[in-house]
Amino acid sequence: MAESFYSTLLLSLLIPPIFLLFFFLKPKEKSSPALLTILKVLRNKDRVPQWETKLIKSTPSLTFTLHLPFGLADVITANPANVQHMLKTNFDIYEKGEFMRSGFNDLLGDGIFNVDGDMWKFQRQLASHEFNITSLRKFLESVINVEISSRLIPIFRKAAVDKKVLDFQDILQRFGFDNICQISFGHDPEYLSPSLPEEKFAVAFYNAVRIIDERFKEIIPFLWRIKRVLDLGSEKELRIALCEVKDMARKIVRRKKLDIQEKGVMNEDLLSRFLSAGVTDEKLLMDIVISFILAGQDTTSAALTWFFWLLSQNPQVEEKILQEIKQNASETRYKDVKKLVYTHAAICESMRLYPPVPIDSREACQDNILPDGTFVKKGWFLSYNTYAMGRIEGVWGEDWAKFKPERWLEETTDGKMCFVNKDPYTYPVFNAGPRTCLGKEMSFLQMKSVISAVLQEFRVVPVAEDGSEPVFLTILTAKMKGGFPVRIVARAAEG
């Protein structure tokens, strides 16, 4: 209590002079737009994707420039031509940049999602090779099936019998965390055990992600650095969480090395594959593995959470998916779930409305002009808002707000329905260009497997009966505010 009091007192003394520096150590003509931006960000800090969507839709080019302190700016776009320009055509101009790298560095270090240039190319080539090997997909399939059959489904069966309310979002996060840890470095944290434990590594990882997300939402961008130097507040909490995460990662890396050197044991997880490919630097291996955990820990669970809520509001879609599952995928194997065309369309439609990563940003390393004529100065940020891009009437039609899987399907000459992909720069849910998500197919396999297993046996019924839309939050990935309380209803019990 005393430490918390003195931390708060010290920060309260520091903040006023920081604000004075922040607003007045620059030309006066720049102060007003920057100050206005700060006030607007403060007012909308818990609903940034929605607020930016409103700004974007108010402009004919679907691009808006937010002026920031110190002559910086964030150019926010939902224009597909600008997105292609940023992610592909001028890929080398738009980098992760120092601002993003420094914010994530304590967690990701030199991992693939936090670097540019040769370091990124090396890791990308290595990971791309491994993700295209059939044996990795088979290992993934095995991990997913065991997690579903031995943990997820038994928890749902018990909840159905006991008529117990579950936080569906929490269950899916636990499922996703177990999966990605096993796939990344062969470690099973058992986060989805029946008792739903507060597993140390998982809790530390989620705390670290939450606090790093808060760094990017602070009005004074360098305040977290001061807190870190002084070891105060959230930065002290982050240091403790990172110690737990790094210690666990270090132990696993060392154990894997010993297994290979002394026993000749080579497993199928990504860490073992990187070691086999000749990567031996301990810190780099830790950074790579932690990066993959960050990428996979919440993205599929976020997508599935919103998917099941949308199903609850659209029973006709649920019925079509259930019929398709019965006809094509009685088991959650890759060759079976691959046949789920309508289900695939429904997943894509769900992510159009509620993308797991609603905003992504880059930093310009030189002056540039976007296809719509917007100027981007060196050092400015360029962000594409995937949440807004799924809500553009000119792209998706007047019924853009409707959950409609059919918009992804076309009828073939033999009367069957086939899935039709959208331009990745119109629908950049899995990123696009050279940084396109390597785990895209892995994500679809995981999502279809869960949907198939769950819907065959249960209905997922929201506790809230008024059908009101949950609040969309972003903590690096999309979340439902307050979780997603549901009742699990066994279909057999309904006759």
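Structure shown above.
Computed from a predicted structure; not experimentally measured.

Trainee: Before we go on, may I ask you to explain the sheet that holds strand β5 (residues 359-364) in this structure?
Mentor: Backbone-to-backbone hydrogen bonds pair the strands of a sheet. The strands run either parallel or antiparallel. If you trace the 5 strands from one edge of the open sheet to the other, you get β1-β2-β8-β5-β3, paired in mixed fashion. Strand pairing shows two members of the sheet lacking a second neighbour, β1 (63-67) and β3 (94-95), which therefore form its edges. Sheet topology places strand β2 (residues 73-77) next to strand β8 (residues 381-385); 4 bridges connect them, and they run parallel. Bridge pairing links I76 to S383 in β8. In this fold helix α3 (residues 48-57) packs onto β1, β2, β5 and β8, with an angle of close to 95° to the strand it touches most, β8.

Trainee: Teacher, can you tell me more about unusual backbone geometry here?
Mentor: The general pattern is negative phi for most residues beyond glycine and trans for most peptide bonds. Positioned with a positive phi, E190 is a non-glycine residue whose angle comes to about 55°. Position of E190 among the secondary structure elements: in the loop between α8 (168-185) and α9 (200-215). Among the residues examined, E190 registers a relative accessible area of 41% and is labelled partly exposed. For L196, which is not a glycine, the phi torsion comes out positive at approximately 50°. For L196, a relative accessible area of 22% translates into the label partly exposed.

Trainee: Can you help me understand the nonpolar core in this one?
Mentor: Buried together is how nonpolar side chains tend to be arranged in soluble globular proteins. Counting 108 residues, the largest nonpolar core has F156, F205, F308, I321 and I488 as the members making the most contacts within it. No other element matches the 11 residues that helix α7 (residues 134-162) contributes to this core. Counting residues in each nonpolar core, the second largest holds 25 residues, with L62, A78, V376 and M389 among its members.

How each quantity is defined
Residues numbered from 1 in each chain as written. Predicted model: local features only at pLDDT ≥ 70, side-chain atom pairs only at ≥ 80, totals over all residues. Heavy atoms only, no water. Pairing = 2+ DSSP bridges. Helix = DSSP H or I, 4+ residues; strand = E, 2+ residues; numbered from the N terminus. Contact = heavy atoms within 4.5 Å. Axes fitted to C-alpha atoms, helices over the stretch in contact; angles between N-to-C directions. Buried < 20%, exposed > 50% of the residue type's maximum accessible area, 1.4 Å probe, protein only. Core = buried A, V, L, I, M, F, W, Y, C linked by side-chain atoms within 4.5 Å.

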